[in-house]
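Here's the letter readout for the chains.
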Amino acid sequence: SKNSSHIQKKINQRLFFMKKHSSFIVDKILLNLFYESCIVSLFTFCINAWGGNIRSKDKEKINRVVKLSNKLMKNPNFKSVDDWLILFCKRKLKSIIADTSHPLNHLIKTSTRSGRQIPLNTTTNTHLNSFLGRSRTTTGLSRDRPTRRL
């Protein structure tokens, strides 16, 4: 899509600077700071909006850049786009549940017995891959997968 290709171009531009920094043998802490502020911030800016509906080809391109940048930092343990999506879905869902004036607060209902989130009635798979459908499965509020209801 246009959004993910635009983000991919921006990430590649930042990756060039990261390669230059690593060639100058910059401290690992500074490389990590550059990575998180310039590269991760680009794709996590809107990850809640398009994270579940991104094409696998586009996700793999971003994951490739993330893997390469972590290789430059000599960091074997790195987070993929899916890991960042889970982290940001958890954060956003917690903030929505805590804020009763949020427009989505009334849509999120939990079971009184188990404390798990009750699934929304949906008619399309696109909604299941959106933030609310995705957050239900990634935050641990549900043990089962979302189901499509007609």
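Residues numbered from 1 in each chain as written. Predicted model: local features only at pLDDT ≥ 70, side-chain atom pairs only at ≥ 80, totals over all residues. Heavy atoms only, no water.

Enquirer: Help me understand the overall build of the chain, please; the structure alone is not making it clear to me.
Expert: A tally of helices and strands in the chain yields seven helices and zero strands. In the chain, which comprises 150 residues, the proportion classed as buried is 34%. Within the chain, contacts between residues separated by at least 24 positions form 60% of all contacts whose residues are at least 6 apart in sequence. (Helix = DSSP H or I, 4+ residues; strand = E, 2+ residues; numbered from the N terminus. Buried < 20%, exposed > 50% of the residue type's maximum accessible area, 1.4 Å probe, protein only. Contact = heavy atoms within 4.5 Å.)

Enquirer: Please clarify how helix α1 (residues 2-23) should be interpreted in this entry.
Expert: Because each turn of an α-helix spans 3.6 residues, side chains separated by three or four positions end up pointing in the same direction. For α1, spanning 22 residues, the distance from its first C-alpha to its last is 32 Å, which sits close to the expected 32 Å at 1.5 Å a residue. Regarding α1, the residues found buried are Ser4, Ile7, Gln8, Ile11, Leu15 and Met18. Looking down the long axis of α1, one finds its buried residues gathered within 100° of arc, a one-sided arrangement. α1 presents Lys2 and Lys9 as exposed residues on the side facing more than 90 degrees away from its buried surface. (Expected span 1.5 Å × (residues − 1). Arc of directions from axis to C-beta.)

Enquirer: Could you clarify how one ought to interpret the nonpolar core in this entry?
Expert: Inside soluble globular proteins, nonpolar side chains tend to come together where they are buried. The biggest cluster of nonpolar side chains holds 23 residues, and the ones touching the most others in it are Ile11, Met18, Tyr35, Phe43, Ile47, Ile62 and Trp84. Of all elements in the fold, only α1, α2 (28-44), α3 (47-50), α4 (56-72) and α5 (81-98) reach the threshold of two or more residues within this core. With six residues, the single largest contributor to this core is α2. Excluding residues within four positions of it along the chain, Ile62 makes contact with Gln8, Ile11, Phe43, Trp50, Ile54 and Val81. (Core = buried A, V, L, I, M, F, W, Y, C linked by side-chain atoms within 4.5 Å.)

Enquirer: I'm lost on the packing of aromatic side chains in this one. Help?
Expert: For any two aromatic rings, the description comes down to two numbers: the centre-to-centre distance and the angle of the planes. Per the counting criterion, the structure on display carries two aromatic pairs. Seen from their ring centres, Trp84 and Phe88 are 6.2 Å apart, and the 45° between their planes marks the pair as tilted. Of the two residues, Trp84 and Phe88 are both situated in helix α5; the distance of four residues between them amounts to about one turn of the helix. The class of Phe88 is buried, set by a relative accessible area of 18%. Taking NZ or CZ as reference, Arg91 lies 5.0 Å from the ring centre of Phe88, over its face. (Phe/Tyr/Trp six-rings, centres within 6.5 Å; stacked < 30°, edge-to-face > 60°. Lys NZ or Arg CZ within 6 Å of the ring centre and 35° of its normal.)

Enquirer: Looking at this structure, I do not really get the packing of α2 against α4. What am I missing?
Expert: Orientation of α2 relative to α4, taken along the N-to-C sense of each, is 175°, at an axis distance of 11 Å. The orientation of α2 with respect to α4, classified from their angle, is roughly antiparallel. Contact with α2, carried on its side by Leu31, Tyr35, Ile39 and Phe43, involves Ile62, Val66, Ser69, Asn70 and Leu72 of α4 and no other residues of that element. Residue composition of the contact of α2 with α4, by class: seven nonpolar, two polar and no charged. (Axes fitted to C-alpha atoms, helices over the stretch in contact; angles between N-to-C directions. Parallel < 35°, antiparallel > 145°, perpendicular 65-115°, else oblique. Nonpolar A, V, L, I, M, F, W, Y, C, P; charged D, E, K, R; others polar.)

Enquirer: Explain the pattern of salt bridges here, please?
Expert: Any two side chains of opposite charge can pair if their charged atoms end up close together. A complete count under the given rule lists one salt bridge for this structure. Asp82 is the partner of Lys59 in a salt bridge, and the nearest nitrogen-oxygen pair spans 3.0 Å. Highlighted residues: Lys59 in helix α4 and Asp82 in helix α5, separated in sequence by 23 residues. (Salt bridge = Lys/Arg side-chain N within 4 Å of Asp/Glu carboxyl O.)

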